[in-house]
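Below, each chain spelled out in residue letters.
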Amino acid sequence: MKNKLRILLVWALISLVLQLGAYSLLNYQIQKVMQPAGTEPIALQLKTTIPGLGFTNVQISYAKDYLAYMENGTLKIFNLKKNKVVFEKISPSDNESGLGVLSYQWLPDRSTLIYFYADNSSTRSGNSQNTELYTLELPSSDDDAAPDNRLNQAIGNFPAGGKIEDFVVSTSTNLMYFTVKNGSTERLMEINVMKNVRTLSKSGETIDKMAASDQYGTLYIDSKIGSTQNIIAFDAGKRKLISRNAYDKVLGIKAGKVYIGEVKNNELVKIKTITDRSKMTESPSLKTEWTGTIPFTNVSAFVGAKGQVVVYNNQTAYIVTAGQLKEVKLTGDQNYVSDDGEETIQLSNQGTSTLVELQPLKP
C-alpha cells in the first residue's frame, strides 16, 4: 500500500511540474504576442526630390520608407524607395476652415497611419460636424499594391470647426487620446478598444502636452484649470496628481519611465523621471536625471526609442542621453526629427520642388 501511495505521489508531482512548465511556456508566448521584443531603431542616409513646396506636419514611418505631409490642405504619402506619391486625401472644401485631414500619426511599430478627417456632409445644428477616424495601412515599400484605407468609426459630438491640438496612441492597449479645441474651449477625449468615445477633461481645463503609456495605457497630461497647473495621470479612469509644481511639463514615456521636464524662464533646466506603473500613486517621488539649460521656446520635445530626451527647433537639436547633453546643428530650410529620435528629416526648397534629406541624428 505504501509503495502504491508513493508511486501515485510521484506521478502527481510529475504531472504538476509538467502543467507548470506548460503554463509558463504559454504565458511566455502570450507575452511575446502582447509585448513583442523591440527592434533596433532604423537610421539611414537618403536624398530625394519631391514635387511641390510648403510641406507641413512632416512625419516619417518607423521603417523610414514612407513620408507623410500636408500640402495645400491635402494629406500625401510619399514612398521614399519608389520616389512617388502613393496616397492622397484631399480637403472637401477650399473655403471652409476646420475641414479635411485634422491630424495624423504613424504607429511606432508598423507602416500604418491613423488620421482624422472632417467634411461638411453632415453638420448638426451648426454645433457639430461629421468627423471620421481612418486607418491607412501601407504595403511593403517595395510592393506596388495600393494602400488599404479603412474607415474605423465616426466621432460623435465633434464640435464644428474644432481643431485637434494633440493626439497620442497606446498601441498595446488600443487606447487613443486626443484634444479638440474650439474657440476658448478644449476637450480631452478617449477612444477605447470597443470604439467608445468619452470626454475626460473637466470644465474649463486646458491641456498643454500629453503622453500615453504603451504598457498600461495610462495618460499623463499637463493640466491647467484657472491659475492651477498640475501634471495629472488618468489611471483606470481615475485622475491622480503626479506633480503640483507649476514648472513641470510632461516630456514623454519610454521603457517604463515617465519623463518630466522643469521649465523656467523659457528654458528646460531639469529632467526628472518616475516609474510608469499599472497603478499610480498620488504625488510620487521624482528622480532627477539631468540639470542644465536648453532653450524651450517654439520647440518640439519628446523621448526617443533609447530613452533619450530630444528637444529641437528649426536650427538645433538638443539630445540628453544618460544625463549627458549633446547638440546637433540642422541645415535644412525646414527640419524635423523622427519620433524614435534617430533621424533628421531636412527639407530645402529647390525651384518648384523640395529636396528631402535623411540623416542619422548624431553629434
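Quick notes on the rules
Residues numbered from 1 in each chain as written. Predicted model: local features only at pLDDT ≥ 70, side-chain atom pairs only at ≥ 80, totals over all residues. Heavy atoms only, no water. Helix = DSSP H or I, 4+ residues; strand = E, 2+ residues; numbered from the N terminus. Buried < 20%, exposed > 50% of the residue type's maximum accessible area, 1.4 Å probe, protein only. Contact = heavy atoms within 4.5 Å. Areas by Shrake-Rupley, 256 points an atom, 1.4 Å probe, with all protein chains shown as cover. Salt bridge = Lys/Arg side-chain N within 4 Å of Asp/Glu carboxyl O. Phe/Tyr/Trp six-rings, centres within 6.5 Å; stacked < 30°, edge-to-face > 60°. Core = buried A, V, L, I, M, F, W, Y, C linked by side-chain atoms within 4.5 Å. Polar contact = N/O pair within 3.5 Å; in protein donor to acceptor, adjacent residues only side chain to side chain. Pairing = 2+ DSSP bridges. Axes fitted to C-alpha atoms, helices over the stretch in contact; angles between N-to-C directions. pLDDT = per-residue confidence, 0-100.

Turning our attention to the overall build of the protein. Secondary structure summary: the protein contains one helix and 28 strands in total. In the protein, which comprises 363 residues, the share counted as buried stands at 47%. Long-range contacts, defined as pairs at least 24 residues apart, comprise 42% of the intrachain contacts of the protein with a sequence gap of at least 6. Summed over all atoms, the accessible surface of the protein reaches about 19,000 Å², with 49% contributed by carbon and sulfur.

What follows covers the pattern of salt bridges. All chains considered together, the criterion is met by 16 salt bridges. A salt bridge links lysine 84 to aspartate 144; the shortest N-O distance between them is 3.9 Å. Remark: aspartate 144 occurs in the loop between β8 (128–137) and β9 (148–155) and lysine 84 occurs in strand β5 (residues 84–89); sequence separation between them is 60 residues. Using a relative accessible area of 37% as the deciding quantity, one classes lysine 84 as partly exposed. Of the charged contacts in the structure, one is a salt bridge between glutamate 205 and arginine 239, with a shortest N-O distance of 2.7 Å. Of this pair, glutamate 205 sits in strand β14 (residues 205–212) while arginine 239 is found in strand β17 (residues 238–243), placing the two residues 34 residues apart along the sequence.

Another aspect to go through is the packing of aromatic side chains. In the structure shown here, the tally under the stated rule is seven aromatic pairs. With 6.4 Å between their ring centres and 50° between their planes, phenylalanine 87 and tyrosine 115 make a pair best called tilted. In this pair, phenylalanine 87 sits in strand β5 while tyrosine 115 sits in strand β7 (residues 112–124), placing the two residues 28 residues apart along the sequence. Per residue, the accessibility class of phenylalanine 87 equals that of tyrosine 115, and both read buried. For the pair tyrosine 117 and tyrosine 134, a centre-to-centre distance of 6.5 Å together with 85° between the ring planes defines the contact as edge-to-face. Placement of the pair is tyrosine 117 in strand β7 and tyrosine 134 in strand β8, with a sequence separation of 17 residues.

Our next topic: the environment of isoleucine 225. Checked against the element boundaries, isoleucine 225 lands in strand β15 (residues 219–225). On a C-alpha basis, the gap between isoleucine 225 and threonine 206 in space is 6.7 Å, while along the polypeptide they are 19 residues apart. Residues within four places of isoleucine 225 in sequence aside, it is in contact with Lys202, Gly204 and Glu205.

Here we come to the nonpolar core. With 22 residues, the main nonpolar core has Val58, Leu67, Tyr312 and Ile345 as its most contacted residues. Elements represented by at least two residues in this core include exactly β2 (56–60), β3 (66–71), β23 (309–312), β24 (316–321), β26 (334–337), β27 (343–350) and β28 (353–360). Ranked by size, the runner-up nonpolar core spans 17 residues in total, among them Leu99, Leu102, Ile155 and Ile191.

The next thing to look at is the side chain of threonine 316. Counting through the fold element by element, threonine 316 comes out in strand β24. In this structure threonine 316 comes out as buried when scored by relative accessible area, which is 5%. Of the polar contacts made by the side chain of threonine 316, one reaches the side chain of lysine 329; its length is 3.3 Å.

The next subject is the sheet that holds strand β25 (residues 324–329). On the basis of which strands lie adjacent, the open sheet formed by four strands has the order β22-β23-β24-β25 and antiparallel pairing. Both edges of this open sheet fall to β22 (300–303) and β25, since each of them pairs with a single strand only. Averaged over neighbouring strand pairs, the angle between their axes works out to 15° when direction is ignored.

With phi around 65°, lysine 195 is a residue other than glycine that occupies positive phi space. Relative to the elements of secondary structure, lysine 195 occurs in the loop between β12 (185–191) and β13 (197–199). The phi angle at asparagine 298 is positive, at roughly 55°, despite the residue not being glycine. Its place among the elements puts asparagine 298 in the loop between β21 (287–295) and β22.

To continue, consider the sheet that holds strand β10 (residues 163–170). Spatially, the four strands line up as an open sheet ordered β10-β11-β12-β13, and their pairing is antiparallel. This sheet does not close on itself; its edge strands, each paired only once, are β10 and β13. Adjacent strand axes in the sheet meet at a mean angle of 20° when their direction is disregarded. Of the pairings in the sheet, the one linking β10 to strand β11 (residues 175–182) comprises seven bridges and is antiparallel in character. Across the sheet, the residue bridging to valine 168 is tyrosine 177, located in β11.

Turning to the confidence of the model for the protein, a few remarks are in order. Taken residue by residue, the protein gives an average pLDDT of 88. The fraction at 70 or more is 87%. Note on residues 20–38: pLDDT under 50 across the span, and two contacts to partners over four residues away in sequence or across chains.

Along the chain, the position of glutamate 137 falls in strand β8. Between the C-alpha atoms of glutamate 137 and proline 147, which are ten residues apart in sequence, the distance is 5.7 Å. Apart from residues lying up to four places away in sequence, glutamate 137 is in contact with Ser111, Thr112, Pro147, Asp148 and Arg150. Side chain to side chain, glutamate 137 and arginine 150 meet in a polar contact 3.1 Å long.

Residue placement: glycine 156 occurs in the loop between β9 and β10. Residue classification places glycine 156 among the partly exposed positions, given a relative accessible area of 39%.

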